[in-house]
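What follows is the residue order along each chain.
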Amino acid sequence: MPQLVAVVGATGTGKSELSLGLAERLIASGRPAEIVNADAMQLYRGMDIGTAKLTLEQRRGIPHHLLDVLDVSTDGSVADYQRDARAAIDEIRARGAVPILVGGSGLYVSSVIYDFRFPVRDEAVRARLETELEERGLGVLWQRLKSADAEAATSIGQHNGRRVIRALEVIELTGKPVTGQLPEEPVWWRDTAVIALRHPRELLVERLERRVEEMWRAGLVAEVESLVPLGLEQGTTAQRAIGYAQALAELRGILSEGDAVAEAQALTRRYARRQVSWFKRYRDAVWFEADDEVLVDGVLASIHTPSS
C-alpha cells in the first residue's frame, strides 16, 4: 500500500464518491482510512452548495480534513495549504491510517504530492503589481503573463487577479516561468498512487451543465446572500469562485438568473478543460472511467502492492 493515495480529475467526475468507497473498503479490510480535501474552495466555511461539499451525513462517519477551515474574507494561499495538508497526512499515517487526498485543484494537489518548493515573496514587487492591476486592469497583466508563461496563463485563466499577480511575482523574482518551478521529472514527497477519473467530453459537459442548474435550485443565491455579511465581498478568492461570482452579480442586479447560470456553466466547462489538461501531465497517474461499475475494485487492485 502506498503512503498516500490521491484521487484527482475534473469537477463532476465523482471524486468524492470514489474516495468514500475506497475508504469504506479499506476500513472493512482492517485498514483505517481518512480523507484530506484538495479543493481550494471547499476550504471556506459556508461555501457548501457551490462547491458540492459533502455534508456531515454524506461523509459516512469517515474523518475528513481541511474542510471549512477558512473564513470567506480570508485569502488562502497554496503555500499555507501545502503545510496544513502535509501535516494532516503525516498525522493520519502516524495513526496507522491510509490518507486519501481528494480534489481537482491542480496546483494544490501538486504542491502536496510533489517536492514542490515555493519561491520567496517580495512585498515591494507584489505592491507594485497590485497598483498596476488597479490602474491598468487585469487584462494587461494577464497578457504579460501569457507572453512570459503561456501554460501558467492558461491554467490560471483571465479572471483571477491574485494568482496572475503571484505568477508574475514569481517570474520576476526567479527569472523562470511558473511552470518551470516543478522539475521536469517530478519527485514524490511521499510514495503516492495517483488515481485520475475521466468522463467522455460530451457526458462531462452534460453533467456540468446540469450540476450548475441544480446548484441554483438548491439555493446557491441564498447561500451567497448569507455569506455577504460574513465578508464574502472582502475576500478576493472566495467571491471570485465560479458560481459565487455569478450569484453575487445576480444579487446586485447585474445579471439575470438565466444569464448568471449560463455564465457559471461556461466558466465551469472552461475550468474542467484546464483541470483535464493539468492532470494529463501526471505521468504516473492511473486513469479510470468514472462510470465504471466496478470502479472501486479496479482502483484497489491498482494501488495494492504484492506485499500489502
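Residues numbered from 1 in each chain as written. Predicted model: local features only at pLDDT ≥ 70, side-chain atom pairs only at ≥ 80, totals over all residues. Heavy atoms only, no water.

**Brief notes about the packing of helix H9 (residues 220–227) against helix H11 (residues 244–251)**
Move 1: With their axes 9 Å apart at the nearest point, H9 and H11 run at an angle of 80 degrees to one another. With respect to H11, the element H9 is oriented roughly perpendicular. Contact residues: Leu220, Val221, Glu223, Val224, Glu225 and Leu227 in H9; Tyr244, Ala247, Leu248, Glu250 and Leu251 in H11.
Move 2: Looking at the contact of H9 with H11 residue by residue, the class counts come to 8 nonpolar, no polar and 3 charged. (Axes fitted to C-alpha atoms, helices over the stretch in contact; angles between N-to-C directions. Helix = DSSP H or I, 4+ residues; strand = E, 2+ residues; numbered from the N terminus. Parallel < 35°, antiparallel > 145°, perpendicular 65-115°, else oblique. Contact = heavy atoms within 4.5 Å. Nonpolar A, V, L, I, M, F, W, Y, C, P; charged D, E, K, R; others polar.)

**Brief notes about the pattern of salt bridges**
Move 1: Evaluation of the coordinates by the stated rule reveals 20 salt bridges.
Move 2: With a closest N to O distance of 3.4 Å, Asp80 and Arg83 form a salt bridge. Of this pair, Asp80 and Arg83 are both found in helix H2 (residues 78–94), 3 residues apart, which corresponds to roughly one turn of the helix.
Move 3: Glu151 is the salt-bridge partner of Arg281, the closest N and O atoms lying 2.6 Å from each other. Of this pair, Arg281 sits in the loop between helix H12 (257–280) and strand S6 (286–289) while Glu151 sits in helix H6 (residues 150–156); the two residues are 130 residues apart in sequence, bridging distant segments of the chain.
Move 4: With relative accessibility at 38%, the residue Glu151 sits in the partly exposed group.
Move 5: When salt bridges that share partners are traced, they join Glu17, Glu24 and Arg60 into one network. (Salt bridge = Lys/Arg side-chain N within 4 Å of Asp/Glu carboxyl O. Buried < 20%, exposed > 50% of the residue type's maximum accessible area, 1.4 Å probe, protein only.)

**Concerning the pairing of strand S4 (residues 98–102)**
Move 1: With 5 of 5 residues buried, S4 is to be regarded as a mostly interior element.
Move 2: Alignment of strand S1 (residues 4–9) against S4, held across 3 bridges, turns out to be parallel. Across the sheet, the residue bridging to Ala6 is Leu101, located in S4.
Move 3: Bridging between strand S2 (residues 33–37) and S4 involves 5 bridges; their strand directions are parallel. Residue pairing for S4: Ile35 is matched across the bridge by Ile100. (Pairing = 2+ DSSP bridges.)

**A short note on helix H5 (residues 138–148)**
Move 1: Taken together, the buried positions of H5 are occupied by Leu138, Leu141, Trp142 and Leu145. Down the axis of H5, the buried set is contained in an arc of 100 degrees. They therefore lie on one face.
Move 2: Elements in contact with the buried residues of H5: helix H4 (123–136), H6 and helix H7 (161–174). (Arc of directions from axis to C-beta.)

**Things to note about a negative patch on the surface**
Move 1: Together, Glu123, Glu130, Glu134 and Glu135 line one region of the surface with negative charge.
Move 2: Relative to the helices and strands, Glu135 is located in helix H4.
Move 3: A relative accessible area of 64% places Glu135 in the exposed class. (Patch = residues over 30% accessible without salt bridge, like charges linked within 9 Å, V, L, I, M, F, W, Y side chains within 5 Å. Areas by Shrake-Rupley, 256 points an atom, 1.4 Å probe, with all protein chains shown as cover. Lys, Arg positive; Asp, Glu negative; His and termini not counted. Charge placed at Lys NZ, Arg CZ, Asp CG, Glu CD.)

**Structural notes on the environment of Leu145**
Move 1: The topology assignment puts Leu145 in helix H5.
Move 2: Assessed through its relative accessible area of 0%, Leu145 is described here as buried.
Move 3: Separated by 106 residues in the primary sequence, Leu145 and Leu251 have C-alpha atoms spaced 32 Å apart.
Move 4: When residues no more than four places from it in sequence are discounted, the contact partners of Leu145 are Ala150, Ala153, Ile156, Val164, Ala167, Leu168 and Ile171.

**Points about the packing of aromatic side chains**
Move 1: According to the stated counting rule, one finds 4 aromatic pairs in the structure shown.
Move 2: Taking 5.2 Å as the distance between ring centres and 20 degrees as the angle between the ring planes, the aromatic pair formed by Tyr114 and Trp188 counts as stacked. One end of the pair, Tyr114, is in the loop between helix H3 (106–113) and H4; the other, Trp188, is in the loop between H7 and strand S5 (192–198), with 74 residues separating them in the sequence.
Move 3: Relative to Tyr282, the ring of Tyr114 has its centre 5.5 Å away and its plane inclined at 90 degrees; by these criteria the two rings are edge-to-face. Taken together, the positions of Tyr114 in the loop between H3 and H4 and Tyr282 in the loop between H12 and S6 put the pair 168 residues apart, joining distant regions of the chain. Residues Tyr114 and Tyr282 agree in their burial class; the two are buried.
Move 4: Following the ring pairs from residue to residue traces out a cluster consisting of Tyr114, Trp188, Phe279 and Tyr282.
Move 5: When the ring centre of Trp278 is taken as origin, the NZ or CZ atom of Arg281, which lies over that ring, is 4.3 Å away. (Phe/Tyr/Trp six-rings, centres within 6.5 Å; stacked < 30°, edge-to-face > 60°. Lys NZ or Arg CZ within 6 Å of the ring centre and 35° of its normal.)

**Some remarks on unusual backbone geometry**
Move 1: Of note in this structure, Ala52 is not a glycine but carries a positive phi near 55 degrees.
Move 2: Even without being a glycine, Arg60 presents a positive backbone phi close to 55 degrees.
Move 3: Note on placement: Arg60 falls in the loop between S2 and strand S3 (64–65).

**Focus on the environment of Tyr44**
Move 1: Structurally, Tyr44 is set in the loop between S2 and S3.
Move 2: With a relative accessible area of 1%, Tyr44 lands in the buried category.
Move 3: Sequence separation between Tyr44 and Leu107 is 63 residues, and the spatial gap between their C-alpha atoms is 17 Å.

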